[in-house]
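Architecture and fold: a report
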Amino acid sequence: MGRNPRYDILFEPVRIGPLTARNRFYQVPHCTGMGFDLPHSVSRLREIKAEGGWAVVNTEYCSMHWSADDAPFRFCSLWDEQDVKIQAQTAEAIHRHGALAGIELWHGGNHAQNRTSREIALSPSGSAQHGIYPQQTKAMDREDIRNLRRWQVQAAKRAKRAGFDIVYVYAGHGYLPFQFITQRWNQRGDEYGGAIENRARLLREMIEETKDAVGDTCAVAVRLAMDELMGPQGVTAENEGRAVIALLAELPDLWDVNISYVENDSISARFGEEGHQEKYVGVVKQLTSKPVVSVGRFTSPDAMASLIKRGIADFIGAARPSIADPFLPSKISAGHEDDIRECIGCNICRSTNNMGAPIRCTQNPTMGEEYRRGWHPERIAPAGGFKDDGVLVVGGGPAGLECALSLGRRGYRVALAEAGRELGGRINRESRLPGLATYARVRDWRLGQIAKLANIEVFRESHLDREQILEMGYPHVVIATGATWRRDGIGVNTHFPVPGTEGPGVLTPDDVMAGAKLAGPVLIYDDDHYYMGGVLAELLLKA
Ligand code: SF4
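The rules we used
- Residues numbered from 1 in each chain as written.
- Predicted model: local features only at pLDDT ≥ 70, side-chain atom pairs only at ≥ 80, totals over all residues.
- Heavy atoms only, no water.
- Salt bridge = Lys/Arg side-chain N within 4 Å of Asp/Glu carboxyl O.
- Helix = DSSP H or I, 4+ residues; strand = E, 2+ residues; numbered from the N terminus.
- Buried < 20%, exposed > 50% of the residue type's maximum accessible area, 1.4 Å probe, protein only.
- Contact = heavy atoms within 4.5 Å.
- Lys, Arg positive; Asp, Glu negative; His and termini not counted.
- Polar contact = N/O pair within 3.5 Å; in protein donor to acceptor, adjacent residues only side chain to side chain.
- Near = heavy atom within 4 Å.
- Nonpolar A, V, L, I, M, F, W, Y, C, P; charged D, E, K, R; others polar.
- Pairing = 2+ DSSP bridges.
- Core = buried A, V, L, I, M, F, W, Y, C linked by side-chain atoms within 4.5 Å.
- Disulfide = S-S within 2.5 Å.
- Axes fitted to C-alpha atoms, helices over the stretch in contact; angles between N-to-C directions.
- Left-handed = near helix turned anticlockwise from the far one by under 90°.
- Expected span 1.5 Å × (residues − 1).

**Some remarks on the pattern of salt bridges**
- This structure, assessed with the given rule, holds 40 salt bridges.
- Put simply, Glu240 and Arg199 hold a salt bridge, and the shortest N to O gap is 2.7 Å. Residue Glu240 is located in helix α7 (residues 237–248), and its partner Arg199 is located in helix α5 (residues 196–199); the two are separated by 41 residues in the primary sequence. Accessibility assignment for this pair places Glu240 and Arg199 in one class, buried.

As structure tokens, then:
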């Protein structure tokens, strides 16, 4: 099957400064929770994105100097020649598959906690450090500003030596060059404070100096937060966001625009639709002739083509869609868009980064394990010697579906037995809760893939007990029957049953999702600390 001509526009090459991207698919910089601790894992992860057809593959935030140290969160670094060797592995891995390699040079300013380096954090005006720990930052004097500009240039030159094609000046997500732009952080009285021209001066200097340093062969990209979603208390797209683009419009080779903070940029599907950033970044292309990339958790090729045709962006920027399906561009190119493993916007990937842990993904179980376990999102090791024995998978919820599919792809003879009529388990219930409709993609993608494999037989309304399972004679049985919610109040912090929970008015999330009728005021006792309590509150409030 060939490519749908409707999507040809997505495969046009695009110039970025001295370079040409092979198509319009652009993996924007995104965290992996691995950083400099796990360099082989990082480079293999990026390599697979390049193999999957992305034209540009970027690193995560890469510290330019040890005064920007984000421990305990994991970041890359380009502090010295040893780091050049490490980062070169990633650039080389990306190039192996014909993609351009980009690197996001980062200085966190008052967001850098410097717990490893013990350096005093820098900031435009000496504010208290951003975060929950009481620390003071240093107001940058002119020498500090000169140092910062020098660190950017030195890191850019290291990036070039490491083989990167695109070098970022990073003024997004509340980090240091952005801290100079927003009046919340910048109350300086010198030429770097006051009018927006002054507050954008540092960014201008960093772009110009980076271009002078590496612009002969590298493209220089700017990542800018257009809006902080704080109204007049922060940068807004209508005012300062727009003004910064207008002032610096033709300076960089590419504008990578989004909203701040990180939590808004990668908002969960519960609170933000596909393309939700358009209203903030849509103006940028009217102000510059340089290519523009923006994100919006795009998984629909029609939405992507529309974004380009309507002149909103030149590239389809993606973090999460490229995590859920590193082969998204290749699938569209081959006319296999039905095979795209669509991101559900659950933000498990994001939350693991916030824990300082390696990335993982609800939709793509291979994410983060490409190097350590040798996993690949599109290829799986063929079955070993037990192939013809067959495997019985009991339970057709998300885990059972994934297990049956993976075994089927390996070549096993698989029987999948589901007690109910519908496959999908908890997904069927939870995807009907407010804001969680995208969770159904977990079920639907697996059902679509299972239907393509002749070696997986599905048995519905097949409630099996222990004896029946044994009678069926499968030498390998996988139990994937899931769990139910406790009714006795025991949770994360409560270790004994809560008195009174045995009463008739006490319900579990399972009861509510099954349609239990509630009368009168409702108290939700949430010792789970995750999404269920909040989602049920929303559901019950609406009812
Ligand atoms: Fe992240 Fe969830 Fe999307 Fe995977 S499916 S990329 S974990 S938001």
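Following the structure, the description resumes.
**Describing the environment of Asp338**
- Among the secondary structure elements, Asp338 is positioned in the loop between α12 (328–333) and α13 (348–354).
- In this structure Asp338 comes out as exposed when scored by relative accessible area, which is 71%.
- Put simply, Asp338 and Leu229 are 109 residues apart on the chain and 35 Å apart in space, counted from C-alpha to C-alpha.
- For Asp338, the contacting residues outside a window of four places in its chain are Trp445 and Gln449.

**Here's the deal with the side chain of Asp70**
- Along the chain, Asp70 falls in the loop between β4 (56–63) and β5 (76–77).
- No salt bridge forms around the buried Asp70; measuring N to O, its nearest opposite-charge neighbour Arg115 is 8.3 Å away.
- Within the local environment of Asp70, its side chain forms a polar contact with the side chain of Tyr61, the two groups lying 2.8 Å apart.
- In this view, Asp70 contacts Tyr61, Phe75, Trp106, His111, Ala112 and Gln113; residues no more than four positions away in its chain are not counted.

**Brief notes about the site of the ligand**
- Taken together, 13 residues are adjacent to the ligand, and Cys343, Cys346, Asn347, Cys349 and Cys361 come closest.
- Among the elements of the structure, α11 (320–324) and α13 are those that each provide at least two residues to the shell around the ligand.
- Element by element, the count of residues in the shell around the ligand is highest for α11, at three residues.
- Across the shell around the ligand, the residue classes break down as eight nonpolar, four polar and one charged.

**Regarding the pairing of strand β11 (residues 254–259)**
- Most of β11 sits out of view: six of its six residues are buried.
- For strand β10 (residues 219–227) and β11, the ladder comprises six bridges, and the chain directions are parallel. Considered in β11, the bridge of Leu224 is made with Val257.
- Of the pairings in the sheet, the one linking β11 to strand β12 (residues 292–294) comprises three bridges and is parallel in character. Of the residues in β12, the one forming a bridge with Asp256 is Val293.

**Considerations on the nonpolar core**
- Within the largest apolar cluster, 77 residues are counted, with the highest numbers of intra-cluster contacts made by Leu10, Leu203, Leu224, Trp255 and Val257.
- By residue number, the principal contributor to this core is helix α3 (residues 142–162), which donates eight residues.
- Here Val257 is in contact with Leu224, Met226, Ile245, Gln277, Val281, Val284, Val292, Val293, Ser294 and Val295, once residues within four sequence places are set aside.
- Counting residues in hydrophobic clusters, the runner-up holds 18 residues, among them Val14, Ala21, Val293 and Val295.

**A word on the pairing of strand β9 (residues 166–171)**
- Counting buried residues along β9, six of its six residues qualify, which places the element largely inside the surrounding structure.
- Where burial is concerned, the two faces of β9 agree: the one with Ile166, Tyr168 and Tyr170 and the one with Val167, Val169 and Ala171 are both buried.
- Across two bridges, strand β6 (residues 100–106) lies against β9 in parallel orientation. The partner of Ile103 across the bridge, within β9, is Val167.
- Here β9 pairs with β10 via six bridges, running parallel. When the sheet's bridge partners are listed, Val167 is paired in β10 with Val220.

**Digging into the side chain of Asp190**
- You can see Asp190 is positioned in the loop between α4 (176–181) and α5.
- A polar side-chain atom of Asp190 sits 2.8 Å from a polar atom in the side chain of Arg188.
- Residues contacting Asp190, with those up to four places away along its chain left out, are Arg142 and Asn198.

**With respect to unusual backbone geometry**
- At the junction of Ala71 and Pro72, the peptide bond is cis and its omega measures out at 15° in the coordinates.
- Position of Pro72 relative to the elements: it lies in the loop between β4 and β5.
- The backbone of His173 shows a phi angle near 55°, a positive value even though the residue is not glycine.
- For Glu461, which is not a glycine, the phi torsion comes out positive at approximately 45°.
- Within the fold, Glu461 resides in the loop between β16 (456–459) and α17 (466–471).

**Description of the state of the cysteines**
- Per the stated rule, a full pass over the model turns up zero disulfides.
- Cys76 takes part in no disulfide bond, and the closest cysteine sulfur to it belongs to Cys62, at a distance of 5.4 Å.

**A word on the packing of α3 against helix α6 (residues 201–214)**
- In contact at an axis separation of 9 Å, α3 and α6 are set at 35° when each is read in the N-to-C sense. α3 and α6 meet at a crossing whose hand is right-handed. On the side of α3, the interface is formed by Ile145, Leu148, Arg149, Gln152, Val153, Ala156, Lys157 and Lys160, while α6 contributes Leu202, Glu205, Met206, Glu209, Thr210, Ala213 and Val214.

**Here's the deal with α6**
- With 14 residues, α6 should reach 20 Å at 1.5 Å per residue; the first-to-last C-alpha distance of 20 Å fits that figure.
- Residues of α6 that are buried: Leu202, Leu203, Glu205, Met206, Ile207, Thr210, Ala213 and Val214.
- Along its buried surface, α6 packs onto α3, β9, α4, α5, β10 and α7.

**Describing helix α1 (residues 39–51)**
- The end-to-end C-alpha distance of α1 is 18 Å, a good match for the 18 Å that 13 residues give at a rise of 1.5 Å each.
- Extensive coverage of α1 is indicated by the burial of ten of its 13 residues.
- Where α1 is concerned, the buried positions are Pro39, Ser41, Val42, Ser43, Leu45, Arg46, Glu47, Ile48, Lys49 and Ala50.
- Taken from the residues just after α1, Gly53 is the one with a positive phi, measuring 110°.

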